[in-house]
Amino acid sequence: AFGTDGVIMFSDILTPLPSMGIEFDVIKGSGPKIFEPIRSMDQVKKLTPIDDPDKTVPFLREILGSLRKETEGKATLLGFIGSPLTLS
């Protein structure tokens with residue numbers, strides 16, 4: 001039989017927001033709600049940069065590491081996550 005060619009991990013576009021200081025909630029029946037939407041350059045300048053993902057979103061490295069271990073290095077692993085530019 002054929003083995004797995006690759007594994008793709010998709011992470012929600014909202015994943016990095018809390019580490020940048022943007023609070024939100026997912027409202028049943030209507031979806032995500034950002035409490036203070038970014039509407040000005042001053043607000044953009046106040047965002048917390050994600051300089052060290054190991055500190056701000058440490059679970060991503062753990063998840064990707066687990067997937068790599070599961071594939072035993074025999075399949076390509078691609079990881080996708082939303083970014084602030086995607087939201088602008």
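Here, every reference points to the structure presented above.
Note that the structure is predicted; figures quoted are calculated from it, not measured.

Colleague: Help me out: how do you make sense of the overall build of the protein in this one?
Modeller: Counting its secondary structure elements, the protein contains 4 helices and 4 strands. Its helices and strands taken in sequence order, the protein reads β-β-β-α-α-α-β-α from the N to the C terminus. Looking at the protein as a whole, 18% of its 88 residues qualify as buried. Summarising the internal contacts of the protein: among those between residues at least 6 apart in sequence, 61% fall at separations of at least 24. For the protein, the accessible area works out to roughly 7100 Å², and carbon and sulfur atoms hold 57% of it.

Colleague: Help me out: how do you make sense of a nonpolar patch on the surface in this one?
Modeller: A cluster of nonpolar residues, Ile8, Phe10, Leu78 and Phe80, forms a patch on the protein surface that exposes about 430 Å² of accessible area. Among the secondary structure elements, those contributing two or more residues to the nonpolar patch are strand 1 (6-10) and strand 4 (76-80). By secondary structure assignment, the location of Phe80 is in strand 4. Given the relative accessible area of 43%, Phe80 is considered partly exposed.

Colleague: So what exactly am I meant to see when it comes to the pattern of salt bridges here?
Modeller: All chains considered together, the criterion is met by 2 salt bridges. Here Glu72 and Lys74 are joined by a salt bridge, their closest N and O atoms 3.5 Å apart. Judged by its relative accessible area of 56%, Glu72 falls in the exposed class.

Definitions and limits used
Residues numbered from 1 in each chain as written. Predicted model: local features only at pLDDT ≥ 70, side-chain atom pairs only at ≥ 80, totals over all residues. Heavy atoms only, no water. Helix = DSSP H or I, 4+ residues; strand = E, 2+ residues; numbered from the N terminus. Buried < 20%, exposed > 50% of the residue type's maximum accessible area, 1.4 Å probe, protein only. Contact = heavy atoms within 4.5 Å. Areas by Shrake-Rupley, 256 points an atom, 1.4 Å probe, with all protein chains shown as cover. Patch = residues over 30% accessible without salt bridge, like charges linked within 9 Å, V, L, I, M, F, W, Y side chains within 5 Å. Salt bridge = Lys/Arg side-chain N within 4 Å of Asp/Glu carboxyl O.

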